[in-house]
Amino acid sequence: MEKIELSIAVLVLIGIIVSSGTMYYTTTVMSNLSTLTSDTATLTENVLNLTSTVRDLATITGTLAEAMGEFTETLADLEARLAAIEASLAAKAKETLIVGTTDAVENTLDPAQAYDYFGWSIMQQISSTLVSVKPGSISGTDFQPELAVSWNASTDGKIWDFTLRQNIRLPSGIELNATHVKDSFDRSIALIPYIPDGAPANLYYDQIINRTEVLSKYKVRFYLNNAYGPMLGIMSCRASAIVDPTYAPWMVQVNYTAGDARASTPLAFVGPYYLSKWERVGDKDIEIRLDKNPYYWNATSGYPKTKTIIFRFYRDASTLRLAVEAGDIDMAFRHISALDVLSLQTNPNVKVWLGPGAPIFFMCFQENHAPFNDSRVRRALAAAINRAAVVATLFPGLANATYSIIPPGMLAHGDAFKELGDANLTLTRSLLAQLGYTSTNKLKFDLWYESSGHYQLSAEQAALYKAQFEASGVMEVTLQPADWPSYRKNRNNGIMDVFVYGWYPDYFDPDDYAFLYWASWLNLHYDVWNPTVYAQQVALYDQARYTTNATLRVQLYNQIEDIAADQCSIVPLFVTKLWAVTKPKVSGLVLDITQDMRYWLIYIAD
Amino acid sequence: MGLRVYIITRILLTIPTLLLLLTMVFLIMRVLPGDPVDLHFERKGTPEQIAQMRQILGLDKPLWNQYVDYLWGVVDIGYLLRHGYPNLGKSMQVTSQDVGGQIFSVFPATLELAIYSMIIASVVGILLGTVSSKSYNSLLDHLIRGFGTVTYAIPVFFLGIIFQLIFGVYLHWLPTGLRINPNVEPPAHVTGLYTIDSILEGNMVKLVESLKALLLPSLTLGIILSGIFIRLTRTNMLETLRLDFVTAARARGLKESTVTYDYALRNAFLPILTMMGLQFAMLLGGAILTETTFTWPGLGSYIVGRINYRDYTAIQGAVVMFGLFVTLVSLVVDILYAYFDPRIRL
């Protein structure tokens, strides 16, 4: 039995073991199967996800490609637009001349008031005078018809008749006639008492012109108080520009009106351009734009050559130079400094234009400050100056030494001051010794110069003059700078011992220069300390002014200059040339003794 | 104290500040030696002309009366609404234009230049300052510090001329001056800021040209001002990065960029904000030189021109305008400071 029971127990045990093993195996298999199923499901899911991801990726790639395409298109579009902008600007650039300048209209474009270079220059472009100086003139006295086709003077020189060009239309459609001319001059003369600083006052229109008369629709007559030598010179200057009665009310001074270019000037728009825009803040111009005038009387000759002129205003000479070098502007005119011009002459990206000069610089002595009331002191200083050295050092090729207050090329230009010599220190010492000035008792004085850039290289000039004076060994000079407003104030208050001043012509005649020897606005008190010679010079001047005999005028001016060289109330130093800098493609500039810039002749070549 | 109360208090405090400024400017202009009218005419004016100018400028009245007129002119809302600018008196020019009108016609140019310059200065300064602090004592740190010192020390006109030479004269990429290409008509005046007005007008040509003109002057001013922002940002960041909350942030496993820019820079920003306000005032002073260098027709150029012509009323108006602007910027900065730093309101 025991064997049977043992056998059963063994069998049961074996059964249990086998069953357990089988169950374990089955469970393991089942578990693996479950894992497998799960993994398969995960795999399927992953595969699905992957498919989806791949699909998404494809979508993204497509979108990206699409976006890239759009971006490329946008970029191309942007490039095309920029190219179009550049092209339109380039096309516009040929019709437009951009002029950079450091000048500005001083106050107004009213011929009854304006008396500044830039104001006059703008006026020349937008209006006309009865006559003008031929472009390229050497003497400044080659007059040509402008609004007047002919003119003649009576034998005594006191009556001048001008016959007007016909069919000159104002923008209003009204034809320009003799009444316009008469009204223009009558208005300027009537306003003189109210505008003592205006050009007509300074040019003595009221003393020269007695009255005007309309002889016919196209003929106007001027009755003068005396025969007047420079009559045509006066008639060609901008103070004689014709005004439009619509914008030039009687006895009203016309000034800048913000946002209204037409109302900002009384001028008749009969010139090559009209003023289409004038933006100004305070006394500083921001932009001036001139557009081609369809009513210009000489339009049939092809003028103006450039449709639009835009003036942009720069603070100083260095920024103006940078602008023209960078190609921001087509032309830089007044004032690129002399030293910059010399270096720009070798720059192939710009063209430098040079013309003869008329601006003159001279040394002045305040005679209220002893010992400058003694002509020997003034002569001593004049003899010590070395003009050639100043010109060669500071303005090589851009200025000429002058020994006459009348510039080279002009009627009666001479060399009276040559008798004193250049760097003639022997004469200097000898004259000063007569007054007790020696190397141990030096003549001490202040030499003033303008320091804010109104005059070119004035500090450098002053340093040279100081060195030249002190080279005599009998003078001791203190340099005194003053900015332009202070300089003018000091001049008017007579507080500067010795100073340098400049003069820019109004018209091209010795009449506009010879008076500088005793000009009241220089406030040198020459008339007070030297009444006899002063009266003598004024008498000679008046005699020259009131005759049309050129030979006699030359003789009279020469006599004035001889006295001047003896008195040295002022001492002529040098005459500067005129220069402009343009892009190489700019053509047509005519620089002559008139110092005018005739913008209607300028064009940009292809 | 809530934010609203703080703002109201701060605005009210601006009033005595402005009053003090106006009074000081008024008195200084009156105690200067020399009669401005006599100086204007240089002894050449007739008694009638001199009397007329005195009347136009109000100089024929007693001083207290002039003062009251002057203050009233500045705060005269009716005048402001009629003309679009405050009454800052008449210019001493022959044409006797309103100084307020002149100033407000040029001020947008200066404002536009100031805004773009400040954007450049802030972006360049803060970014480089942060990078420098992160690379402490490395070659990059030394280079950035050197850059900051050099840009802060370099004169604005010198850098301006160098930029003009490189980008204008040699490369011909950018204009050397003025607000817009002369061949392009400026956008119609809405804000006076050419870039904004070009966008408002929808004119891409004008926008591109005004941005081109703006780039060199604002880059010049911006880079020069960035020097101080670099140094300030670097110093503040170095201090902040050592603080516990930054260590804690790093310990929490936050990304380094998050720790640097979201945590540290935000906390280091407050002194930089104050400096931005102060620099805005400096920037207006710098604008005078920048505007002169780049022929930028703004308030700086205007003041230089007025000084040259001894136009006392215009100079007085411009100084008041500068003062007003700086006061307003300070006000805005203080309000922003309070917004960013709640402790101020406590």
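Keep in mind the model is a prediction, meaning the values are calculated, not measured.

Calculation criteria
- Residues numbered from 1 in each chain as written.
- Chains lettered and ligands numbered in written order.
- Predicted model: local features only at pLDDT ≥ 70, side-chain atom pairs only at ≥ 80, totals over all residues.
- Helix = DSSP H or I, 4+ residues; strand = E, 2+ residues; numbered from the N terminus.
- Buried ≥ 20, exposed ≤ 12 C-beta atoms within 10 Å, placed from the backbone.
- Contact = placed C-beta atoms within 7 Å.
- Pairing = 2+ DSSP bridges.
- Axes fitted to C-alpha atoms, helices over the stretch in contact; angles between N-to-C directions.
- Nonpolar A, V, L, I, M, F, W, Y, C, P; charged D, E, K, R; others polar.
- pLDDT = per-residue confidence, 0-100.
- Core = buried A, V, L, I, M, F, W, Y, C linked by C-beta atoms within 7 Å.
- Parallel < 35°, antiparallel > 145°, perpendicular 65-115°, else oblique.
- Left-handed = near helix turned anticlockwise from the far one by under 90°.

Chemist: Mind laying out the overall build of chain B, listing which residues take part and the relevant values?
Modeler: Each helix and strand in chain B was counted, giving 14 helices and zero strands. Along its sequence from the N terminus, chain B presents helices and strands in the succession α-α-α-α-α-α-α-α-α-α-α-α-α-α. Counting only C-alpha atoms, chain B reaches 85 × 55 × 40 Å along its principal axes. Buried positions account for 40% of the 346 residues belonging to chain B.

Chemist: Could you give an account of the overall build of chain A, naming the residues involved and the relevant values?
Modeler: Scanning chain A from terminus to terminus reveals 16 helices and 21 strands. Taking all 606 residues of chain A together, 44% fall into the buried category. In chain A, of all internal contacts separated by at least 6 residues, the share reaching a separation of at least 24 is 70%.

Chemist: Summarise the sheet that holds strand β17 (residues 498-503) of chain A; cite the residues concerned and give the values.
Modeler: The strands that make up a sheet pair up through hydrogen bonds in the backbone, lying either parallel or antiparallel. Residues and elements named next belong to chain A. The strand order β14-β18-β13-β17-β15-β16 describes an open sheet built from six strands, whose pairing is mixed. A strand with exactly one partner marks an edge of an open sheet, and here the two such strands are β14 (399-401) and β16 (475-482). Between one strand axis and the next, the sheet turns through 30° on average, direction left out of account. Each of β15 (443-450), β16 and β17 is contacted by helix α12 (residues 458-470), which is oriented at about 170° to β16, the strand it contacts most.

Chemist: Tell me about the interface of chain A and chain B, residues and numbers included.
Modeler: Of the residues lining the interface, 33 residues belong to chain A; the matching set on chain B comes to 37 residues. Those elements that provide at least two residues to the side of chain A that touches chain B are α1 (2-95), β1 (96-101), β9 (284-292), β10 (308-313), α7 (317-326) and α13 (484-493) of chain A. Among the residues forming the side of chain A that touches chain B, the class breakdown is 13 nonpolar, nine polar and eleven charged.

Chemist: Requested: an account of the pairing of strand β19 (residues 578-582) of chain A, with residues and values cited.
Modeler: Within β19 of chain A, five of the five residues are buried, which leaves it mostly tucked inside the rest of the structure. Of the two faces of β19 of chain A, the one carrying Leu578, Ala580 and Thr582 of chain A and the one carrying Trp579 and Val581 of chain A are both buried.

Chemist: With reference to specific residues and values, describe the confidence of the model for chain A.
Modeler: Keep in mind that low pLDDT regions are not for reading the predicted coordinates in detail. On average, residues of chain A score 89 in pLDDT, and 86% of them are at 70 or above. Across chain A, element-level confidence peaks in strand β7 (residues 219-224) of chain A with a mean pLDDT of 98 and bottoms out in α1 of chain A with 62.

Chemist: With reference to specific residues and values, describe the nonpolar core.
Modeler: Among the nonpolar cores identified, the biggest contains 234 residues, and Ala332 and Phe362 of chain A are the most heavily contacted of them. At 14 residues, the largest contribution of residues to this core is made by helix α10 (residues 204-241) of chain B.

Chemist: Explain helix α11 (residues 244-251) of chain B to me, using residue names and the numbers behind them.
Modeler: Counting buried positions along α11 of chain B gives zero out of eight residues, so the element sits mostly on the surface. Of the residues one or two after α11 of chain B, Gly253 of chain B is the one with positive phi, at around 85°.

Chemist: Lay out unusual backbone geometry with the relevant residues and their values.
Modeler: All names here are of chain A. In this structure, the amide linkage connecting Arg334 to the following residue, His335, adopts the cis form with an omega of -5°. Mapping His335 onto the fold places it in the loop between β11 (331-333) and α8 (338-344). Looking along the chain, the bond that leaves Ala370 and enters Pro371 is cis, with omega of 10°. Its location among the elements puts Pro371 in the loop between β13 (360-365) and α9 (375-384). The phi angle at Asn167 is positive, at roughly 65°, despite the residue not being glycine.

Chemist: Help me get a handle on the environment of Leu479 of chain A, residues and values and all.
Modeler: Residues and elements named next belong to chain A. Looking at the secondary structure, you find Leu479 in strand β16. Under the C-beta neighbour-count criterion, Leu479 is labelled partly exposed, with 14 such atoms within 10 Å. The spacing of Leu479 and Lys466 is 13 residues in sequence and 7.6 Å in space, taken between C-alpha atoms. Apart from the residues lying within four places of it in its own chain, the contact partners of Leu479 are Leu447, Tyr449, Ala462 and Lys466.

Chemist: I'd love a proper account of the sheet that holds β7 of chain A, names of residues and values included.
Modeler: All names here are of chain A. Spatial strand order, β4-β5-β7-β6: four strands in an open sheet with antiparallel pairing. At either margin of the open sheet sits one strand with a lone partner, and together these are β4 (148-153) and β6 (209-216). Here the average twist between neighbouring strands, direction ignored, is 20°. As paired strands, β4 and strand β5 (residues 159-164) are joined by five bridges and run antiparallel to one another. By the bridge assignment for β5, Ala153 is matched with Trp160. Across the face of the sheet, helix α3 (residues 178-191) comes into contact with β5, β6 and β7 while running at roughly 165° to β6.

Chemist: Describe the environment of Tyr449 of chain A, naming the residues involved and giving the relevant values.
Modeler: All names here are of chain A. Considering the arrangement of structural elements, one finds Tyr449 in strand β15. Residue classification places Tyr449 among the buried positions, given that 23 C-beta atoms sit within 10 Å. The sequence separation of Tyr449 and Val498 amounts to 49 residues, and the corresponding C-alpha distance is 8.9 Å. The residues touching Tyr449, leaving out its near neighbours within four places in the chain, are Ser458, Ala459, Gln461, Ala462, Leu479, Pro481 and Val500.

Chemist: For the packing of helix α1 (residues 3-31) of chain B against helix α4 (residues 63-75) of chain B, give the residues involved together with the corresponding values.
Modeler: Residue and element names in this part refer to chain B. At a minimum axis distance of 11 Å, the contact between α1 and α4 shows a crossing angle of 135°. What the angle tells us is that α1 and α4 run oblique. Crossing of α1 against α4: the hand is right-handed. Here α1 contributes Leu22, Phe26 and Arg30 to the contact with α4, which in turn contributes Leu63, Tyr67, Tyr70, Leu71 and Val74. Among the residues forming the contact of α1 with α4, the class breakdown is seven nonpolar, no polar and one charged.

Chemist: Explain the confidence of the model for chain B to me, using residue names and the numbers behind them.
Modeler: The share of residues in chain B with pLDDT of 70 or more is 96%, and the mean pLDDT across the chain is 86. The secondary-structure element of chain B with the lowest mean pLDDT is helix α2 (residues 36-41) of chain B, recorded at 73, while helix α9 (residues 194-201) of chain B shows the highest, at 96.

Chemist: Could you give an account of the packing of α10 of chain B against helix α12 (residues 256-293) of chain B, with specific residues and numbers?
Modeler: If you want to describe how two helices pack, look at the angle between their axes and the distance between the axes. All names here are of chain B. At a minimum axis distance of 9 Å, the contact between α10 and α12 shows a crossing angle of 155°. Classified by the angle their axes make, α10 and α12 are roughly antiparallel. Every pair of crossing elements has a handedness; the one defined by α10 and α12 is right-handed. Contacts between α10 and α12 involve Pro217, Thr220, Leu221, Leu225, Ile228, Phe229, Leu232, Thr233, Asn236, Met237, Thr240 and Leu241 from the first element and Ala264, Leu265, Asn267, Ala268, Pro271, Ile272, Met275, Gln279, Leu283, Gly286 and Thr290 from the second. Across the contact of α10 with α12, the residue classes break down as 15 nonpolar, eight polar and no charged.

Chemist: Could you give an account of the pairing of strand β18 (residues 570-576) of chain A, with specific residues and numbers?
Modeler: Residues and elements named next belong to chain A. The element β18 is extensively covered by neighbouring structure, given that seven of its seven residues are classed as buried. Summarising the sheet, β13 and β18 pair through five bridges and their orientation is antiparallel. Across the sheet, the residue bridging to Phe362 is Pro572, located in β18. Pairing analysis gives three bridges linking β14 to β18, with the strands arranged antiparallel. Looking at the pairing, Ala401 lines up with Phe574 of β18.

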